[in-house]
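Examination of the molecular architecture
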Amino acid sequence: MTNNAIVQRLWNLCHILRDDGITYHQYVTELTYLLFLKMMQEQGEEVERQIPKGLRWRDLEAKEGTEQLTFYRKMLIELGSQGSGLVEAIFAGAQTALTQPKNLARLVQDIDKIDWFEAEREGLGDLYEGLLEKNAAEKKSGAGQYFTPRPLIESMVRLMQPQPGELIEDPAAGTGGFLIAADRYIKERTDNLYDLPSAQQQFQRRKAYIGMELVPETRRLGLMNMMLHKIEGTLHLGNTLSSKGANMGKVDLVLTNPPFGTARGGGVTREDFTFPTNNKQLAFLQHIYRSLAVPKKGEPGGRAAVVLPDNVLFEENAGTLIRRDLMDKCNLHTILRLPTGIFYAQGVKTNVLFFTRGATEEGNTKAVWVYDLRANMPSFGKRTPLTSEHFAEFERAFGKDPYGNAKRKDQGPEGRFRKFTRAEIAKRGDNLDISWLRDESATGADDLPEPDVIAAEILAKLSAATTAIQELQEMLEAES
């Protein structure tokens, strides 16, 4: 049975559970608990992971009917406070959404029937990522809010070229997609780390990756995902925009897709930010460029590739000041204007910003190269899936230097890749929302986005305007 077949088999079980009122997201969470226990048994790691006797897969499998469901509820609670740190993290606050004993029995039986030798050979981590991807594709699950399309992640990783020995961070880790892709990139080029000295192998497995995730359920999925890919890096539970984020330290590479929207309930509480803002993306941007390691003599500084919505490029007041600070402290060398339809839940237009920390506090950006992958491109979704091939031309234009120093060619007004000097950007009021191609695909009514996407775009622009008004009001109050 191939990996895809196993993923499909596990996914098909969800249809059974719908009669029990289980959502897709709850189902993947439920599978996480059961798959963890089963895999620990298959891999002989129950003792190593300190799963207490009496709370293991065989103990659950031995029960039947109502007794099994009652035992399962109890074991979830107990595993959240016993065992190794990873076990407690996976099961922290765990509770089942199952209410019918027959459905738990069916899950246990079907998981037990899978050829786990074949699953191990195919890659348990890839199997689990397949489930997460299916979950994200289900609009009703809401999982698409944090799932970045894999082709985009892989393109960003290829361009940034993560290296052994580097500290790599995702301050909005979600299910761990960026960290896992970076790890895969390194392993593919080091014979699964065996080309590295023993000490460096241990560093890669245990210390190279740092992340933070706000939502406990999402972090649970991320921990499981990382474990199945044999990564034991740190995935904190918390808010990067709080004091916890200020203590994450300096890193060599940031790969991330921060959450979109406006901070609620008191806003951003990072006292170390120079420019207060309730715009989460602008706040995350400050965290990211402040987190990059300042270059040592003869070495480049930390680098980043970050997915951000259009409003970050044009929002005024705090937005202008943050962009200016970014271009002072870092070399913002490239902006990729992404096509529409990539993130269903938000429906907003997005970009990838590529930048490198400079040695000084000002004047590091001399020019910004903008690649327009949005104009005259389809709106991506289920009918038109995004693939790696869509990024091939951009990657060639970007070049082979992860710091943006490769030789590049301005393709002119009719091309997709253009260079804008820092002086030209200053004349625009440091507005980086730069486009020049006539979008022929947007001229007909038949080519308009879906109504929910249009509504989401309107809401995003209203949110940006509201934030700008609030910040202006705060500035006026402070001056009075």
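The structure under discussion appears in the preceding block.
These notes cover the structure that comes with them. Not measured: the values here are computed from a predicted model. (Residues numbered from 1 in each chain as written. Predicted model: local features only at pLDDT ≥ 70, side-chain atom pairs only at ≥ 80, totals over all residues. Heavy atoms only, no water.)

When you line up the elements, Leu60 lands in helix H3 (residues 57-61). C-alpha of Leu60 to C-alpha of Val108: the two residues are 48 residues apart in sequence and 8.4 Å apart in space. The residues touching Leu60, leaving out its near neighbours within four places in the chain, are Leu34, Gln68, Phe71, Tyr72, Met75 and Val108. (Helix = DSSP H or I, 4+ residues; strand = E, 2+ residues; numbered from the N terminus. Contact = heavy atoms within 4.5 Å.)

Below, the discussion takes up the side chain of Asp325. For Asp325, the position within the fold is in helix H16 (residues 318-329). When sequence neighbours within four positions are dropped, the list of residues in contact with Asp325 reads Phe275 and Tyr289.

Turning our eyes to something else, we now look at the packing of aromatic side chains. Applying the stated criterion across every chain yields a total of nine aromatic pairs. Consider the rings of Phe354 and Phe394, whose centres lie 6.0 Å apart with planes at 40°: the pair is tilted. Residue Phe354 is located in strand E7 (residues 350-357), and its partner Phe394 is located in helix H17 (residues 392-398); the two are separated by 40 residues in the primary sequence. Per residue, the accessibility class of Phe354 equals that of Phe394, and both read buried. A ring pair is formed by Phe394 and Phe398, whose centres lie 5.9 Å apart and whose planes are at 70°; its orientation type is edge-to-face. Here Phe394 and its partner Phe398 are both found in helix H17, four residues apart, which amounts to about one turn of the helix. (Phe/Tyr/Trp six-rings, centres within 6.5 Å; stacked < 30°, edge-to-face > 60°. Buried < 20%, exposed > 50% of the residue type's maximum accessible area, 1.4 Å probe, protein only.)

The interhelical angle for the contact between helix H14 (residues 280-291) and H16, taken along N-to-C directions, is 20°, at an axis separation of 10 Å. Compared by their axis directions, H14 and H16 come out roughly parallel. Crossing geometry of H14 relative to H16 is assigned as left-handed. Residues Leu282, Leu285, Gln286 and Tyr289 of H14 form the contact with H16, whose own contacting residues are Gly319, Ile322, Asp325, Leu326 and Lys329. (Axes fitted to C-alpha atoms, helices over the stretch in contact; angles between N-to-C directions. Parallel < 35°, antiparallel > 145°, perpendicular 65-115°, else oblique. Left-handed = near helix turned anticlockwise from the far one by under 90°.)

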